[in-house]
Structures are given as C-alpha cells and as structure tokens.
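Here are the chains, one letter per residue:
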Amino acid sequence: MVMRSAAPIPRMSRRGRVTIGVLVGVFLLFTLLGWGVQAWTDWLWFEEVDFTQIFKGVLLTRVLLFLVVGLAAAAIVGGNLWLAYRLRPALRTHSPEQVALERYRMMLSPRMGLWIALAAAVIGVFAGLSGQGRWAQWLLFRNGGEFGIADPEFGTDIGFYVFQLPFWRFLLGLGFTLVVLSVIGSLAVHYIFGGVRLQGVGDRMSNKARAHLTSLVAVFVLLKAVAYFLDRRTMLLEYNESAKLYGAGYADINALLPAKEILAYISIIVAIAIIVFSNAVMRNLVWPGLSLALLGVSAVAIGGIYPWAVQTFEVKPSAKEKESAYIQRSIEATRQAFGLENTKVTPYGASNMWPEESLAKDNTVVDNIRLLDPQLVSETYTQLQQVRGFYNFGEKLDIDRYTVNGKTQDYVVGLREINYAELPEQQNNWINRHTVFTHGFGMVSAPANRVVCGGQPYFVSGFLGEQTKEGCVAAEESLVAEQPRIYYGVQMDAGDYAIVGQAESGRNDEFDRPTTGDSEQNYTYTGAGGVEIGSFGRKLLYAISEQETNFLLSDRVNEDSKLLYVRNPRDRVEKVAPFLTVDGDPYPAIVDGRIKWIIDGYTTASSYPYAERINLQAETTDELTGQGTFQLARENVNYIRNSVKATVDAYDGTVTLYEFDESDPVLKAWNKAFGGDLVRPKSETPAELTAHFRYPADLFKVQRNLLTKFHVTDAGEFYSGQDFWEVPNTPDAPDSGQKQPPYYLYTQLPGQDEARFQLTSTVTPAGRQNLAALISGSYINGELQLQVLDLPDQTAVSGPVQVHQKMTNNAEIRQELNLLSSNQAQVQYGNLLSLPVDDGMLYVEPVYVKSNQTNAYPLLQKVLLSYGDGGSYVVLADNVPDGIDKLIELRKQNPSAPQQQPQPDEGAEPPSDQPPATPSPSTSPSEAAPGGTDLDAAAAKVEAAIAEVREAQTSGDFARYGRALEALDKAMTEFQEAQRAAPAQPASDGGG
C-alpha cells in the first residue's frame with residue numbers, strides 16, 4: 001500500500017504578509033506612543049511635585065518583575081517544550097494515528113525553535129504582566145520588618161503574614177500554573193512526535209516521555225506539599241463559620257492543622273514514589289497512579305472527613321466552650337489590628353432625666369453647641385458668598401477649629417472654588433475654561449454656633465470687595481489667608497487642567513475676582529507649581545496627551561506658560577503615594593498664611609491573623625457619601641492605621657507627607673522601599689499644622705462599626721451577642737436605611753479635662769432604639785484617642801431616631817413646624833447632636849427652612865431641644881439659650897416627673913406631664929380659651945403674628961420671615977402665660 005504524503009499548507013501571498021506587517025506595526029506604534037506619552041507626562045508631573053523616587057521606584061520594580069517573572073515563566077515552559085521535542089523517538093510505529101500527525105510534524109519541525117519561542121513568549125508576557133502587578137507585594141516582601149507581636153498559634157511574628165505570606169502565595173500559584181502548562185504543552189509535543197501514542201502495539205509512552213512527564217507531575221505534587229505547609233499559616237486568616245469570626249477555630253487547630261501536616265508528608269512520599277516507580281523500578285504508570293490516588297483519598301479522608309467529624313460531633317454540641325479560646329484570639333487580634341486596644345471606656349449613668357438650672361450656666365458643652373450643619377448651609381454659602389455663578393462651595397462644607405481673640409471654637413469653612421459646569425454657554429470655550437477661569441478665591445468661614453439676619457451664618461473671612469450688609473458679616477476678616485487663591489481643589493476633575501503664564505509682557509489674562517460693582521481684577525500665576533510647556537516639544541507632548549490642538553495653535557500657550565493638572569488634592573496624594581488609602585473627606589485650613597488641604601492617609605493590610613476582615617467601602621458609606629465626601633474603593637482589609645497626614649497647597653499644589661503613626665511597621669516598610677525619606681518625620685510637622693489635625697472620618701467609621709461588637713472583650717459574652725450595638729439610621733429619615741454620619745464638635749465630654757475638637761457618634765443596642773453608648777474620637781497630645789461613654793444596659797434614654805420622632809410629634813411643636821412648612825417652603829433638619837451634660841443627655845437639632853423659590857437657600861429658623869428620656873422635656877426655640885431656659889421652665893412646671901425625683905406629698909394633685917397645649921392656628925385663641933382682657937389681647941397678637949408669618953412666606957423675604965417667626969414665638973409665649981393667669985372656668989353640667 002502506497003501512502004500519500006500530506007498536502008502542503010498553502011503559503012500566504014507577499015501582499016498579505018506586507019498588509020499584516022503594516023497593521024501590526026501601526027498597532028505597536030500607537031500602543032508604544034500612548035505608553036511613552038503617558039510615561040513622559042507622568043515623569044514631568046512627578047518632577048514638579050518632587051517625588052520622582054516614587055515614579056522611578058514603581059516603574060523600575062514593575063519592569064524588573066515583568067522581566068524576571070516573564071523570563072522565568074518563558075524559560076520553564078519553553079524549556080519543557082524543547083526537552084519534549086529533543087526526547088522524541090527516532091523511529092515511530094506506522095499507524096493511521098501517526099499518518100494523521102505527519103502533516104503537523106512537517107509544519108512544526110523546520111521551525112520548531114521558533115514555535116517554541118513564540119509559545120514561551122506569549123506565556124512569559126502574561127506571566128510578566130501578572131508579576132508586575134504584584135509590585136506592592138514585592139516591595140513589602142523585600143522591605144518589611146517585624147510587628148513585635150507574635151501570632152497566638154505558631155508564635156510567628158505578624159510581619160511574616162503581612163509582608164512575606166502574600167508574595168509566597170503568589171509564587172506558589174505561579175509555580176502551579178507553570179507546571180500545569182508545562183505538562184499540557186509537553187504532553188502535546190510528545191503526542192505529536194510519537195512519544196505518546198493512543199494506537200498501535202507496545203507501550204503507549206516511550207521511556208523518555210514517561211520520565212519527563214512523571215517528573216513534572218512529581219514537581220506538581222511537591223508544590224502541593226509546600227502548599228499544605230503554607231496552608232497551615234493561611235488557616236489563621238480564614239473565616240470560622242462556627243464562631244462567626246475570622247481565624248482558625250477548634251476544629252481547624254485540632255483536626256485540620258495536623259491533617260495538613262500529614263498531607264504534606266504524604267505528598268513528599270508520593271512525589272518520590274512517582275519518580276522511583278516510573279523510572280527506576282517498574283517503569284510503568286500503575287504504581288504512580290496508585291500513589292496519586294492515595295494522595296487524593298488521603299486529602300478527602302484526612303483533610304475533609306476528619307475535620308468535618310470533629311466539627312459536627314465535638315464542636316457543634318458545645319460550640320461556646322470549644323470556641324471560647326479562639327473567639328478570644330479574634331477579639332484581641334481585631335482590637336490590635338484596628339487600633340481599638342487603647343479605647344478609653346467611661347461609664348456614664350445618664351440618670352438625670354430632667355433639666356436642672358445648672359444647665360443654663362454650663363460653659364463646657366452648651367456654649368459650644370454647633371448649630372450650622374455643613375451639608376445644609378453649603379447652599380447658603382454658595383448663594384450669599386458666590387458673587388459669580390461659576391463659583392461653588394461643593395455639596396458639603398467642613399468643620400475646623402480656630403482660636404480668635406483668645407477663644408477657641410469650631411467654624412464651618414469652605415473654599416470658593418471654580419465650578420466649570422456653571423460657566424455661561426458663551427464663556428464655556430477652551431480659552432476661558434483653561435486659561436481665563438483658572439482658580440477660585442478665598443476661604444469663607446463662619447462660627448458654627450452663631451446665626452444672624454434671619455438665620456444666616458455670620459461670615460468672618462473670605463470676603464470679596466466691600467461688605468455692605470452691616471451686622472450680617474464681620475466688619476473685618478478674622479481668619480486671613482495671605483494667599484487666598486485656589487488653584488487646587490476637591491471640585492477639580494481629571495480634565496480640568498489650567499494653563500497659566502503671561503501671554504504678553506505685563507498682561508494678566510486670568511480672571512482673579514470681582515471687585516466693586518461690575519468691575520473685576522485679573523491675575524497672573526506666580527507660584528512654583530505646574531509643568532513648563534513653553535517649548536514646542538512640550539506643546540506637542542501635551543497636545544497628544546490631552547488630544548487638544550490648541551496647545552500648538554493658541555497664542556495663550558507661550559514660552560512662559562505652565563500646565564497645572566491633577567488638581568484634585570486626593571488625586572495628587574494618591575498619585576504621590578499609591579500605597580496609601582486616602583480618606584474620603586479632605587478639609588482646608590489656613591496654615592502659615594496659606595490655604596492647605598489636609599488629607600488623612602491610611603496604611604492597610606489584609607493578612608493579619610485572627611483579625612476581622614471588613615470592606616472599606618461598605619463600612620464607610622453613610623448619608624453623606626457622594627455628597628461632599630468621596631467613596632472609598634471596595635478594599636477588603638483587616639489592618640488599618642492613620643499613618644500619614646498629607647497636605648496639598650491650594651495655590652501651588654505642593655504635596656507633603658508627614659509621618660503620623662511612628663510605630664506603624666507598614667509605613668516603615670514603604671518608607672524604606674522608596675529611599676527612607678519619602679515621609680517627613682513626625683517631629684518635623686509644623687505646630688500650626690498640627691493644630692488643625694483631627695480624627696479622620698473614615699477611620700472613625702470603621703472603628704465605630706467594629707466597636708459595636710468588639711467592645712465586648714469576654715469570649716462567652718461575645719458568642720451570645722446579647723451586648724452588641726448598632727449604628728442608628730439617619731434620625732429624620734430612618735426608613736432610608738442610611739446610617740447616621742458622625743459629626744465634629746468642639747466640646748468637653750465626661751472624663752475629659754477640657755474641651756476638644758472631636759468626632760462623635762451614638763450607638764444603640766442591637767435591635768432596639770434606645771441609647772447604648774456615645775463614641776468619640778479626638779486628636780490630643782499628638783495622638784488619636786477613642787473614648788466610649790457606656791450607658792447602663794437598661795437605660796431609659798432614647799436614641800437619636802426616637803428623640804427626633806418625639807420632638808417632631810409633640811403637639812405644640814408640630815403646630816409650629818407646620819407653620820414653618822407650607823407649599824412655598826420646606827423644613828430641613830440639621831445634625832441631631834447628642835450631648836452628655838449634667839449626668840443626662842441633651843439633644844439639639846437645628847431646624848432650617850428653605851423656600852421653594854428659585855435660588856433659595858436654607859436658613860436656620862429654630863432649634864429643637866430635648867433632655868432626659870426624649871419625651872417629657874422637648875422644646876422648639878429660636879436659639880440654644882432660649883431653648884435651655886424653656887427646658888428649665890418646663891422642669892419648674894413639672895417638678896414630679898421621673899422615678900429618680902422625690903414624689904410629691906401625699907394628697908397633692910400631681911401636675912400634668914405635658915406643658916399646656918397651644919391652640920390650633922385654625923381656631924381663634926380667644927374662642928379656645930376665654931378669659932379676661934389680657935387673654936384677649938394675647939390671642940389677638942397670636943392671630944396677627946400668624947398672618948404676618950403667612951405673608952412673609954409668600955413674599956419670599958427671609959429676613960422678614962425670620963422676624964415674623966420670632967414675633968409669633970413671643971406672642972404664643974404671652975398667650976400661654978395669660979392663659980395660665982386666667983381664672984378657671986366652671987365646668988359644664990353636661991345636661992342633656
């Protein structure tokens with residue numbers, strides 16, 4: 001029988017080869033051009049901010065990892081393919097199978113080296129890309145030190161788990177992948193060239209092919225042995241379903257841990273058996289196959305069935321006792337990993353359920369109560385201090401404290417930034433957007449506890465031109481910034497670059513600020529920030545980068561021009577320090593006469609043994625997320641430290657990183673990785689800057705949420721979960737499911753020596769709404785301090801949601817709130833503040849009114865106050881002092897209320913628990929409560945005041961509206977006094 005040779009594979013035409021070559025060349029050109037432009041512009045930017053060590057360090061590490069991992073992967077896979085080809089049999093048996101494979105051998109053999117190189121190169125590229133993505137793990141692996149804390153099972157320093165273990169796991173995973181690819185590739189080559197056959201007489205595998213493939217399988221099994229040893233450590237990071245915590249539990253330690261060790265030794269024996277029996281003794285695959293089967297059975301029996309049996313029959317019947325020691329490990333590790341171990345717990349009885357007269361004399365809490373809500377008054381700032389429509393203060397302002405005339409208090413502050421979205425259509429072109437409207441101007445601030453002119457903030461800084469509203473703003477600025485211009489701000493997007501520099505000598509092209517009337521002042525940037533783009537090469541570079549020809553064509557780009565980009569402070573810090581997780585709430589402060597953004601930076605890890613693992617995005621999301629604060633990435637961590645305080649100069653964009661946590665091993669590793677001087681020592685932090693440090697919001701949310709469980713330090717109590725807390729929902733919208741945000745206050749809490757600027761939040765018992773504790777975080781003596789005011793378990797003090805409902809559902813208050821709201825206006829509630837004072841709880845909630853008219857803004861009109869259990873003592877007042885006086889007056893009217901107070905004499909008529917009700921506005925007061933002429937006159941005043949309130953609402957004049965509300969409040973007070981003074985009316989005989 002004559003065998004026909006396989007038909008030759010047709011060759012591609014010359015034109016086709018040229019076309020493909022051109023297409024590949026164009027693709028590579030544009031790809032490399034894009035990478036080159038990106039790398040060049042990044043280098044220029046890092047050079048501008050003086051952090052080139054970051055650019056070089058990250059780039060060099062990624063390139064080296066790409067080359068080393070890629071070449072190693074290519075060598076391993078390519079070497080095995082080449083070895084498989086070299087071990088091909090010289091003679092092959094004739095069979096239909098081999099005839100079918102002949103055409104493939106004819107195609108591959110002439111250029112076998114090229115095909116192997118291509119396959120290895122592809123695998124090397126993908127492996128290199130995977131490796132370069134692990135640059136952070138490698139730098140920590142190489143530069144990480146010790147934590148000084150040993151894990152509770154093996155006694156190994158935590159540094160091994162945080163710095164070493166992640167990279168070892170990557171290498172192990174890479175090793176498994178390369179061995180599997182080598183087995184598959186080698187098997188294919190052996191099959192094509194006859195080393196492995198499916199048909200014909202004799203052995204199905206040549207001796208050389210068997211030796212090669214079984215050696216690869218043995219290597220795979222040895223890697224499995226390494227994996228078992230490594231799994232013993234990673235068990236301390238896994239979730240324990242029995243205890244509902246992270247970390248190895250009873251069954252893991254007593255059953256799975258020894259099983260892993262046994263399986264590791266079995267794997268080593270199996271690997272040896274595979275090599276010996278396949279090549280030295282019997283030279284077949286029967287015994288190696290049995291060895292692998294033994295390993296599989298052992299893995300199921302020893303590593304699966306036995307731990308399951310221990311868990312099912314030993315742990316579950318008495319889980320509390322069995323898991324107790326391991327729950328204790330998780331509690332301690334979590335408190336260490338998240339900085340909870342030094343939390344100061346102060347018992348607070350909150351036993352006083354009624355307001356005493358001493359409340360009016362308090363100067364530690366009451367004097368500093370914040371009324372301005374930074375979220376609500378942002379619109380007010382924008383309307384009253386905007387001046388031009390393209391200025392904006394953002395959706396949420398910030399709270400900071402300043403000392404003015406010897407008095408320290410908190411201020412609501414905001415920067416007047418450029419809002420490019422609000423540029424008029426005729427002004428929204430490339431020249432105006434990028435060369436004229438380049439910056440904002442001034443930091444506007446107001447004391448947080450003062451309102452004027454019908455509910456407006458009392459502005460004390462950030463003025464533009466002359467201030468004409470006498471009494472509504474300060475006569476002169478209290479907080480003065482020598483350089484008030486804002487070139488870098490949180491409202492800047494990625495495409496909001498600015499080109500600065502004089503186009504002609506002596507000509508200022510940048511709009512600076514409006515002055516008196518319709519006039520305006522121009523300016524030319526003189527700061528050190530920005531990348532010089534005067535040369536043709538730089539213009540061309542950024543024309544390609546920004547895909548904008550005006551860099552080359554416009555006369556606004558000249559030899560003195562600079563380009564300012566990456567103008568958002570968070571983006572700048574993230575770019576400078578890519579290893580940091582940046583807080584979502586940057587805030588501005590005046591430091592040494594300049595406006596600086598202060599941004600908190602966190603170092604994190606996800607491999608701290610036994611520590612609880614949380615998702616940063618989920619734990620930090622609340623009502624304000626996305627409304628003035630940035631949402632964090634979905635990062636799973638079980639270790640966090642506020643290790644860095646970063647600043648960004650609002651004028652020149654200078655980024656400075658200050659060490660904050662001197663004991664953080666993770667920051668030390670990163671600092672070492674980038675030369676040792678990346679972060680300035682804590683001792684070099686300017687005192688004026690530290691005066692504005694505060695407890696970071698996102699860290700506080702994480703710690704607060706963890707404290708709802710991990711304030712319980714006894715394992716038995718933790719397992720029962722009876723003492724767990726939860727964060728209450730937003731008081732004025734509890735059905736929204738959004739958590740109440742923490743709020744900054746300058747106040748003094750019980751157990752503190754003096755007033756502090758602190759972040760506070762309330763928590764309630766799990767499943768209930770009464771108050772359980774108040775958690776605060778403050779920056780004191782250079783350190784962060786957490787404090788918990790722990791209320792008794794069976795406290796009668798209401799929580800925020802209950803208090804808001806009781807205050808707003810009070811009959812008298814409900815009537816006044818209805819008057820404030822109408823078809824022309826709406827009531828908005830500010831922060832509900834929970835303040836421990838006089839061994840009781842004082843709740844304060846500002847009430848704003850916002851007209852439905854265009855460009856209306858909220859004005860503070862009233863203040864809700866409650867004391868004690870939140871029901872008996874609630875008032876609505878014009879301001880806090882009046883509200884305190886009303887609470888005390890209620891106390892005098894109701895001297896018998898709660899249990900703690902002595903009972904009245906026997907036989908005395910108990911007074912009513914509620915204050916006298918105010919008549920409904922729909923009923924004439926004179927009809928509702930007849931009496932003498934004083935009562936009639938008071939009723940007439942109430943009617944007149946109600947009419948004036950309605951007219952003021954309709955007019956849209958908020959100053960008049962505020963005066964009308966004040967007059968109504970006074971009239972109603974007079975009516976109530978006259979009603980009490982009127983003689984009692986005889987009861988009806990009810991005849992019928």
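Use the structure listed above.
As the structure is a prediction and not an experimental result, all values here were calculated from the model.

A. Structural context of the overall build of the chain. The number of helices and strands found in the chain is 26 helices and 34 strands. Taking all 992 residues of the chain together, 52% fall into the buried category. Considering only contacts within the chain whose residues lie at least 6 apart along the sequence, 68% involve residues at least 24 apart. Accessible surface, the chain: about 44,500 Å² in total, of which carbon and sulfur atoms supply 54%.

B. A look at the side chain of Gln 828. With respect to the helices and strands, the residue Gln 828 is situated in strand β30 (residues 825-829). Judged by relative accessible area, Gln 828 falls into the buried class, the value being 16%.

C. Up close: the nonpolar core. Counting 203 residues, the largest nonpolar core has Leu 657, Leu 842 and Leu 865 as its most contacted members. Apart from residues no more than four positions distant in its own chain, Leu 865 is found in contact with Met 807, Leu 842, Tyr 843, Val 844, Tyr 873, Val 874, Val 875, Ala 877, Val 880, Gly 883, Ile 884 and Leu 887. Grouped together as the second largest cluster of nonpolar side chains are 18 residues, Phe 167, Phe 170, Leu 174 and Ile 192 included.

D. How the structure looks around the packing of aromatic side chains. Applying the stated criterion to the full structure yields 45 aromatic pairs. A centroid spacing of 5.2 Å and a plane angle of 90° characterise the contact between Trp 45 and Phe 46, whose relative ring orientation is edge-to-face. Per residue, the accessibility class of Trp 45 equals that of Phe 46, and both read buried. Aromatic pair Phe 141 and Trp 168: ring centres 5.5 Å apart, planes at 85°, arrangement edge-to-face. Of this pair, Phe 141 sits in helix α5 (residues 135-143) while Trp 168 sits in helix α6 (residues 158-192); the two residues are 27 residues apart in sequence, bridging distant segments of the chain. What makes Trp 168 partly exposed here is its relative accessible area of 40%. Ring-pair connections join several aromatic residues into one group, and the members of that group are Trp 138, Phe 141, Phe 167, Trp 168 and Phe 170. Seen from the ring of Tyr 523, Arg 485 lies directly overhead, with NZ or CZ sitting 3.9 Å from the centre. Cation over ring: Arg 694 sits above Tyr 587, and NZ or CZ is 3.8 Å from the ring centre.

E. Main features of the pattern of salt bridges. All chains considered together, the criterion is met by 26 salt bridges. For Lys 260, the salt bridge is made with Asp 231, and the minimal N-O distance between the two is 3.5 Å. Of the two residues, Lys 260 is situated in helix α8 (residues 250-279) and Asp 231 in helix α7 (residues 207-234); the sequence distance between them amounts to 29 residues. Its relative accessible area of 16% is what places Lys 260 among the buried residues. When the shortest N-O distance is used, the salt bridge between Arg 433 and Asp 496 registers 3.5 Å. Remark: Asp 496 occurs in the loop between β12 (485-486) and β13 (498-500) and Arg 433 occurs in helix α12 (residues 430-436); sequence separation between them is 63 residues. Salt bridges here are not isolated pairs; linked through shared partners, they connect Lys 396, Asp 398, Asp 585 and Arg 694.

F. The state of the cysteines, seen in detail. With the rule as written, the count across this model stands at one disulfide. Paired by a disulfide, Cys 453 and Cys 472 hold their sulfur atoms 1.8 Å apart. Between Cys 453 and Cys 472, the disulfide has an S-S torsion of -105° and is therefore left-handed. Remark: Cys 472 occurs in the loop between β11 (456-457) and β12 and Cys 453 occurs in the loop between β10 (451-452) and β11; sequence separation between them is 19 residues. What makes Cys 453 partly exposed here is its relative accessible area of 28%.

G. Representation of the sheet that holds strand β6 (residues 407-415). Ordered in space as β5-β6-β9, the three strands form an open sheet in which the pairing is antiparallel. Only two strands of the sheet have a single neighbouring strand rather than two, namely β5 (398-404) and β9 (443-447). Within the sheet, the average angular offset between the axes of one strand and its neighbour, ignoring direction, is 40°. Looking at chain direction, β6 and β9 are connected through five bridges and run antiparallel. What sits directly across from Gly 414, in β9, is Val 444. Packing against the sheet, helix α11 (residues 377-385) makes contact with β6 and β9, and its axis sits at approximately 120° to β9.

H. Highlighting the side chain of Ser 445. If you trace the backbone, Ser 445 turns up in strand β9. For Ser 445, a relative accessible area of 0% corresponds to the buried category. Polar side-chain contacts of Ser 445 include one of 2.5 Å to the side chain of Ser 461. Excluding residues within four positions of it along the chain, Ser 445 makes contact with Tyr 381, Val 412, Val 413, Tyr 458, Phe 459, Val 460, Ser 461 and Leu 479.

I. Inspection of a nonpolar patch on the surface at higher detail. A surface patch of nonpolar side chains, about 560 Å² in accessible area, is lined by Leu 222, Phe 229, Tyr 265, Ile 268, Ile 272, Ile 275 and Val 276. Of all elements in the fold, only α7 and α8 reach the threshold of two or more residues within the nonpolar patch. Of the residues forming the nonpolar patch, the biggest block, five residues, is contributed by α8. Here Ile 272 is to be found in helix α8.

J. Expanded view of α5. Of all the positions in α5, only Trp 135, Leu 139, Leu 140, Phe 141 and Asn 143 are classed as buried. Lining the buried residues of α5 we find α2 (52-86), α4 (112-132), α6 and α17 (665-673).

K. Broad picture of the sheet that holds β13. Here we have three strands laid out as an open sheet, ordered β13-β17-β16, and antiparallel in their pairing. Where the open sheet ends on each side, the last strands, each with one partner, are β13 and β16 (531-532). In the sheet, β16 pairs with strand β17 (residues 562-564) via two bridges, with the strands oriented antiparallel. Opposite Glu 532, over in β17, you have Lys 562 as the bridge partner.

L. Fine view of the environment of Tyr 487. Turning to its location among the elements, Tyr 487 is positioned in the loop between β12 and β13. The sequence separation of Tyr 487 and Leu 564 amounts to 77 residues, and the corresponding C-alpha distance is 8.3 Å. Setting aside residues no more than four positions away along its own chain, Tyr 487 makes contact with Thr 438, His 439, Met 492, Val 500, Glu 510, Tyr 523, Tyr 525, Leu 564, Arg 567, Ala 650 and Tyr 651.

M. Representation of the pairing of strand β26 (residues 743-747) in the model. Within β26, five of the five residues are buried, which leaves the element mostly enclosed by the surrounding structure. Residue alternation in β26 divides its side chains into two sets, Tyr 743, Leu 745 and Thr 747 and Tyr 744 and Tyr 746, and both sets are buried.

N. Highlighting the packing of α2 against α6. Axis separation between α2 and α6 bottoms out at 8 Å; the angle between their running directions is 25°. Between α2 and α6, the angle is such that the two are roughly parallel. α6 is crossed by α2, and the crossing has right-handed handedness. Between α2 and α6, the contacting residues are Val 69, Ala 73, Ile 76, Val 77, Asn 80, Leu 81, Ala 84 and Tyr 85 on the first element and Leu 174, Leu 178, Leu 181, Ser 182, Gly 185, Ser 186, Val 189 and His 190 on the second.

O. Structural view of unusual backbone geometry. Despite not being glycine, Ala 350 shows a phi value in the positive range, around 50°. In this structure Ala 350 comes out as buried when scored by relative accessible area, which is 1%. Positive phi, normally seen in glycine, also occurs at Asp 838, with a value near 55°. Positionally, Asp 838 belongs in the loop between β31 (833-837) and β32 (840-851).

P. Examining a negative patch on the surface more closely. Together, Asp 714, Glu 717, Asp 723 and Asp 793 make up a region of like negative charge exposed at the surface. Within the secondary structure, Glu 717 sits in helix α20 (residues 715-720).

Definitions and cut-offs
Residues numbered from 1 in each chain as written. Predicted model: local features only at pLDDT ≥ 70, side-chain atom pairs only at ≥ 80, totals over all residues. Heavy atoms only, no water. Helix = DSSP H or I, 4+ residues; strand = E, 2+ residues; numbered from the N terminus. Buried < 20%, exposed > 50% of the residue type's maximum accessible area, 1.4 Å probe, protein only. Contact = heavy atoms within 4.5 Å. Areas by Shrake-Rupley, 256 points an atom, 1.4 Å probe, with all protein chains shown as cover. Core = buried A, V, L, I, M, F, W, Y, C linked by side-chain atoms within 4.5 Å. Phe/Tyr/Trp six-rings, centres within 6.5 Å; stacked < 30°, edge-to-face > 60°. Lys NZ or Arg CZ within 6 Å of the ring centre and 35° of its normal. Salt bridge = Lys/Arg side-chain N within 4 Å of Asp/Glu carboxyl O. Disulfide = S-S within 2.5 Å. Pairing = 2+ DSSP bridges. Axes fitted to C-alpha atoms, helices over the stretch in contact; angles between N-to-C directions. Polar contact = N/O pair within 3.5 Å; in protein donor to acceptor, adjacent residues only side chain to side chain. Patch = residues over 30% accessible without salt bridge, like charges linked within 9 Å, V, L, I, M, F, W, Y side chains within 5 Å. Parallel < 35°, antiparallel > 145°, perpendicular 65-115°, else oblique. Left-handed = near helix turned anticlockwise from the far one by under 90°. Lys, Arg positive; Asp, Glu negative; His and termini not counted. Charge placed at Lys NZ, Arg CZ, Asp CG, Glu CD.

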